[in-house]
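What follows is the residue order along each chain.
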Amino acid sequence: MKPIRFMGNGILGGDQLQNPDFYNWNKVYVRYCDGASFSGDAEAQAQDGTTLYFRGLRIYEAVIDELMEKGLANATQALFTGCSAGALSMMLHCDDFRARFPQEVSVKCFADAGFFLDEKDISGKRSLWSLYDRVIHLQNVRKVLPKDCLANKEPTECFFPAELIKSIRTPMFILNPSYDSWQIRNVLVPDSSAPDKSWLSCKENIRNCNSTQVEVLDGLRNKMVNDLKVVEDKEDWGMFIDSCFTHCQSLSGVSWHSPTSPRLENKTIAEAVGDWHSGRSQGAKEIDCKYQCNPTCNSLPPPRDVTAFNRVEIY
């Protein structure tokens, strides 16, 4: 794995004007490498006889253990966050992370673009469910799945955030675009669904979608909104669900906190997350209207297609 330059933008930034609530925090960036959101623990034989080792869960535990030794155990407050598959990993480990600190320490979790949906693609197949099912059985991820979910549902269903959030007790903020570009490109219109030229153009840039295609995208948005209803009953949770066509908004200064950032109730993402985290406002749960109703989304350029399996941060 090649070294990367640590880019301090968005929630990782050190500028008080651009990151007013977290600019002076200690930050740890954990790179993603295991293919199952730091949840696997298995050995498997490849066809050529080679033994493959999946150790995402052990990597997570080793990283947290080392950080606790280096000073994390002395923290007075901690924010556990991630983007995309990093956000899924954070959901899987949120309560475990909380349990490592004394009760008087403020520990919260923040999921950015990790609310993956079990939605059929345009060919009628559950493509993401099939991918998750293979990963779960290959890497033996049952250890991190909620026991109350496993008692009633298949492990694959328990790997989806719609089920995970029902069991999480630690306060959490969920940031997600309801027209998530990664999910439109890889869940709703994956290459395996054999999209025609019109769909290829649509999934590249939502502005190219016709009215019929937008209705299909609205279905994805409605599924997300419905799955998030459980959050309404969680008093210490927060949400910022905008209608932008993007993916991962906490790492970019433009989307996090700038004059052209997406806004809900006239708040940027940084302001909404900061208000929730600090307790400056109650009931920080905002869900945007449908596509094209929010003009503050228009300033964001069409996102690059990136892997969903990304990163976890600990603050």
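One can find the structure itself at the top, above this paragraph.
What counts, and where the lines are drawn
Residues numbered from 1 in each chain as written. Predicted model: local features only at pLDDT ≥ 70, side-chain atom pairs only at ≥ 80, totals over all residues. Heavy atoms only, no water. Buried < 20%, exposed > 50% of the residue type's maximum accessible area, 1.4 Å probe, protein only. Helix = DSSP H or I, 4+ residues; strand = E, 2+ residues; numbered from the N terminus. Contact = heavy atoms within 4.5 Å. Polar contact = N/O pair within 3.5 Å; in protein donor to acceptor, adjacent residues only side chain to side chain. Disulfide = S-S within 2.5 Å. Pairing = 2+ DSSP bridges. Right-handed = clockwise from strand over helix to strand, strands pointing away. Axes fitted to C-alpha atoms, helices over the stretch in contact; angles between N-to-C directions. Parallel < 35°, antiparallel > 145°, perpendicular 65-115°, else oblique. Nonpolar A, V, L, I, M, F, W, Y, C, P; charged D, E, K, R; others polar.

**Q** Which parts of the structure should I look at to understand helix α7 (residues 181-188)?
**A** An α-helix turns once per 3.6 residues; consequently, residues spaced three or four apart project the same way. When you tally the buried positions in α7, you get 7 out of 8 residues, the bulk of the element. Along α7, the residues that are buried comprise Ser181, Trp182, Gln183, Ile184, Arg185, Val187 and Leu188. Elements that come into contact with the buried residues of α7 comprise α3 (127-139), β6 (172-177), α8 (197-204) and α9 (211-227).

**Q** How should the side chain of threonine 170 be read in this particular structure?
**A** Within the secondary structure, threonine 170 is located in the loop between α6 (161-167) and β6. Here the side chain of threonine 170 touches aspartate 95 through a polar contact of 2.6 Å, side chain to side chain. Beyond its immediate stretch of four places on either side in the chain, threonine 170 contacts Cys94, Asp95, Arg98, Val107, Lys108, Cys109 and Trp237.

**Q** Mind showing me how you'd approach the state of the cysteines here?
**A** Disulfides are covalent bonds that link the sulfur atoms of two cysteine residues. Applying the stated criterion across every chain yields a total of 6 disulfides. Between cysteine 83 and cysteine 248 runs a disulfide, and the two sulfur atoms are separated by 1.6 Å. Residues cysteine 83 and cysteine 248 are joined through a disulfide that is right-handed, its torsion about the S-S bond being 80°. Of this pair, cysteine 83 sits in strand β4 (residues 77-83) while cysteine 248 sits in the loop between β7 (238-242) and α10 (253-256), placing them 165 residues apart in sequence. Across the disulfide from cysteine 94 sits cysteine 109; the S-S distance is 2.1 Å. Because the torsion about its S-S bond is 100°, the bridge between cysteine 94 and cysteine 109 counts as right-handed. Of this pair, cysteine 94 sits in helix α2 (residues 85-99) while cysteine 109 sits in strand β5 (residues 106-112), and the two are 15 residues apart along the sequence. Of the two residues, cysteine 94 and cysteine 109, both sit in the buried class.

**Q** Can you help me understand the pairing of β4 in this one?
**A** Every regular strand shows the same layout, with side chains that alternate between the two sheet faces. Burial analysis of β4 places 6 of its 7 residues in the buried class, the great majority of the element. As judged from the 7 bridges shared by β4 and β5, these two strands associate in the parallel manner. Across the sheet, residue cysteine 83 finds its bridge partner in β5, namely aspartate 112. In the classification by handedness, the crossover that spans β4, the intervening α2 and the parallel β5 is right-handed.

**Q** Looking at this model, I keep getting lost on the packing of α7 against α9. Mind explaining?
**A** A pair of packed helices is characterised by two quantities: the angle between their axes and the separation of those axes. Where α7 meets α9, the axes come as close as 11 Å, and the angle between the chain directions of the two elements is 110°. With respect to α9, the element α7 is oriented roughly perpendicular. Residues Gln183, Ile184 and Leu188 of α7 form the contact with α9, whose own contacting residues are Val216, Leu217, Leu220 and Met224. Split by residue class, the contact of α7 with α9 holds 6 nonpolar, 1 polar and no charged.

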